[in-house]
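What follows is the residue order along each chain.
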Amino acid sequence: MWNPEVETLTRERMEALQLERLRAAVARVLARVPPLGDRLRAAGITSPDDIRSLADLRRLPFTRKIDLREHYPFGLFAVPVAQLVRIHGSSGTRGKPTIVGYTRNDLAMWSEVVARCLALAGVRPGMVVHNAYGYGLFTGGLGLHQGAELSGCTVVPISGGLIQRQATLLQDLRGQVLCCTPSYALCIAEALETAQIDRRTLKLEVGIFGAEPWSEELRGEIERRLGLAAVNIYGLAEIVGPGVSAECIEARNGSHIQEDHFLPEIVDPETGEPLAPGQEGELVLTPVTKEALPLIRYRTGDISSLELTPCVCGRTTVRMSRIKGRYDDMLIIRGVNLYPSEVERILLSVGDVAPHYQLVVDRPGTLDELSLLCEPAREGLDRGLLQSRLQHALREQTGLSIAVQVLDRDRVPRSEGKAVRVVDRRPR
Ligand code: ADP
Ligand code: ZN
């Protein structure tokens, strides 16, 4: 464990720490972030003393991505821009990226939580980290980078792109830890195959994959093809970047949230009503130690659930389940709700199909229609047969008829960062 003192706190002591920090965060917002401070005052919170217990968190108004857009770029910052030492942005998966900033203390906190996540994943000092998350405004590259440096690892800041060089350098520099999106891990696996590099000649032990939804089935596929243990890491720019939570290598069953810094809640995505532990809904996070951007009850849009029971790894921190998808990404096709990650799960459980896919939504007439583009796992498979097997499995398990197109190999678009899983061709 990177920080055993915090990661094994009793519930009582964790909650005491959270309460103290929540009060400080509320004080900061009231004093320094006028748009959010006014909103707190309107909800009857005029001083940190109005927060008497953690349950009072529920009285605080939510913050959403749209608030960051409305006050773009710096309007929600609690410090003058000159006090920022770094600016990042979200990837802009849904429109214009939001801008976030960090003070020196924020960067130190971020490095600490990433170091905890690396330790969670079983990374040890001295290991070689091949970091293929994109470097730049996106938080993935630099976020993992600074945490790995703090951990005492040797970092190869390769970033995304130049896929054949990824394969060569992974072999030559003896990378033991691979960091990238799960979809890019598959591209690297393909590049290794193209370069005829036998994975048994590599030193890979652990993969730290996140930034996009992925399924248990995809985990199996990646582990088989790269010969490593794949661990899930989660985060978002508005909260800090990667490092909000990660799975422990011991259980790999839910990601431990760094809840001394980020207070988690699950709410009903429609009504905002709090939901009980174990129930699935939208993850809401309150980063309580951030100096530059202290958001209150930020609606992540990500669908998950919380698990409070102790973990075999010895940590006491709350765990969040694998993200099913963003609430915004949920497709509603003829009344049926469908997340792309569900399609991924079905696709890979059928077998003989490559783990690259794209869903296309169109509206040729009055009804939405969904088709799925995919590829056979290898040459020589009967595509017609594969198509009907897939259509059958999708209909059985989702209740929807989805037109499956089995394309030639390498025809489904690849991406070096977050994969594009849904293409919307509906007329506007
Ligand atoms: P953007 O929202 O523009 O993509 P970010 O680059 O900050 O901005 O990405 C954060 C989002 O990425 C999260 O809100 C979540 O939807 C997704 N994400 C990050 N890590 C994971 C993960 N491990 N599993 C599923 N989704 C993830
Ligand atoms: Zn654990």
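Everything below is about the structure printed above this text.
The numbering scheme is per chain: residues are counted from 1 as the chain's sequence reads. Written order determines the labels here, with chains lettered from A and ligands numbered from 1. A pLDDT threshold of at least 70 governs which residues receive local features in this predicted model, and a stricter bar of 80 or more applies before side-chain atom pairs are shown or counted, although totals over entire chains, interfaces and linings include all residues. The basis for every side-chain value is the complete set of non-hydrogen atoms in the structure, without hydrogens or water.

A.B. asks: Report on the site of ligand 1, specifying residues and quantitative values.
C.D. replies: The criterion for a residue being near a molecule or strand is simple. One of its heavy atoms has to lie within 4 Å of it. Around ligand 1 sit 20 residues, and of these Ser91, Gly92, Thr93, Ile233 and Asp302 come closest. What qualifies as a polar contact is a pair of N or O atoms within 3.5 Å, subject to a donor-acceptor requirement within protein and to the restriction that residues adjacent in sequence count only when both atoms come from side chains. Within the contact set of ligand 1, a nitrogen atom lies 3.4 Å away from a backbone nitrogen or oxygen of Pro213. Measuring from an oxygen atom of ligand 1, one finds a backbone N or O atom of Ala237 at 2.8 Å. Across the complex, the protein chains shield 97% of the 560 Å² of accessible surface that ligand 1 would expose by itself. Starting at the N terminus, helices and strands are each numbered in turn, a helix being any DSSP run of H or I of at least four residues and a strand any DSSP run of E of at least two. Looking at the shell around ligand 1 element by element, the count peaks at five residues for strand 7 (residues 229–236). We call Asp, Glu, Lys and Arg charged. Ala, Val, Leu, Ile, Met, Phe, Trp, Tyr, Cys and Pro are nonpolar, and the rest, Gly among them, are polar. Residues that form the shell around ligand 1 fall into these classes: eight nonpolar, seven polar and five charged. All accessible-area figures derive from a Shrake-Rupley calculation using a 1.4 Å probe, and residue coverage is judged against the displayed protein chains alone.

A.B. asks: Any chance you could break down the coordination of the zinc ion (ligand 2) for me, citing the residues and the numbers?
C.D. replies: Coordination here is defined by N, O and S atoms within 2.8 Å of the metal (3.2 Å for Na, K and Ca), and since water is not considered, a site can look incomplete. Protein-derived coordination of the zinc ion (ligand 2) comes from Cys248 (SG), His256 (NE2), Cys311 (SG) and Cys313 (SG), at a distance range of 2.1 to 2.3 Å. Every donor residue of the zinc ion (ligand 2) comes from the same chain, spaced as C-x7-H-x54-C-x1-C. Placement of the pair is Cys248 in the loop between strand 8 (241–247) and strand 9 (255–257) and Cys311 in the loop between strand 13 (306–307) and strand 14 (319–320), with a sequence separation of 63 residues. Under the relative-accessibility criterion, Cys248 is labelled buried at 0%. Exposure categories follow from relative accessible area, calculated using a 1.4 Å probe and restricted to protein chains: below 20% of the type maximum is buried, above 50% is exposed, and the middle band is partly exposed.

A.B. asks: Mind laying out the packing of helix 10 (residues 340–350) against helix 11 (residues 383–398), listing which residues take part and the relevant values?
C.D. replies: Where helix 10 contacts helix 11, the two axes come as close as 10 Å, and the packing angle between them is 135 degrees. On the basis of their axis angle, the class for helix 10 and helix 11 is oblique. Along this stretch, helix 10 crosses helix 11, giving a crossing that reads as right-handed. Residues Val343, Arg345, Ile346, Leu347 and Val350 of helix 10 pack against Arg389, Leu390, Ala393, Leu394, Gln397 and Thr398 of helix 11. Class assignment of the residues belonging to the contact of helix 10 with helix 11 gives a composition of seven nonpolar, two polar and two charged. Axis definition: a line fitted to C-alpha atoms, limited for helices to the stretch in contact. Angles are taken between N-to-C directions and run from 0 to 180 degrees. Any angle that is under 35 degrees is reported as roughly parallel, and any over 145 degrees as roughly antiparallel; angles of 65 to 115 degrees are reported as roughly perpendicular and all others as oblique. Should the near helix be turned anticlockwise from the far one by less than a right angle, the crossing is termed left-handed; should it be turned clockwise, right-handed. We call two residues in contact when some of their heavy atoms are within 4.5 Å.

A.B. asks: Break down the nonpolar core for me, with residues and values.
C.D. replies: Among the buried residues, those of types Ala, Val, Leu, Ile, Met, Phe, Trp, Tyr and Cys that are joined through side-chain atoms within 4.5 Å form a nonpolar core. Val26, Leu60 and Ile208 are the most contacted members of the largest nonpolar core, which totals 70 residues. Take this core: its biggest share by element is eight residues, from helix 5 (residues 104–120).

A.B. asks: So what's going on with the pattern of salt bridges? Residues and values would help.
C.D. replies: In what follows, salt bridge is the name for a side-chain nitrogen of Lys or Arg lying within 4 Å of a carboxyl oxygen of Asp or Glu. Summed over all chains, the structure comprises 34 salt bridges. With its nearest N and O atoms 2.9 Å apart, the salt bridge here joins Arg414 to Glu375. Separated by 39 residues along the polypeptide, Arg414 in the loop between strand 19 (403–406) and strand 20 (422–424) and Glu375 in strand 18 (residues 369–376) bring together distant segments of the chain. Arg414 sits in the partly exposed class, given a relative accessible area of 28%. Several salt bridges converge on common partners, so that one network encompasses Arg363, Asp368, Asp424, Arg426 and Arg428.

A.B. asks: Quick one: what's the story with the pairing of strand 3 (residues 128–131), residue by residue and with numbers?
C.D. replies: On strand 3, burial covers both faces: Val128 and His130 on one face and Val129 and Asn131 on the other are all buried. Paired strands, in this sense, are two strands between which DSSP finds at least two bridges. The sheet contact formed by strand 3 and strand 4 (residues 154–156) spans three bridges and is parallel. Among the inter-strand pairings, Val128 is bridged to a residue of strand 4, identified as Thr154. Bridge count between strand 3 and strand 5 (residues 177–180): three bridges; the pairing is parallel. Residue pairing across strands places His130 opposite Leu178, the latter belonging to strand 5.

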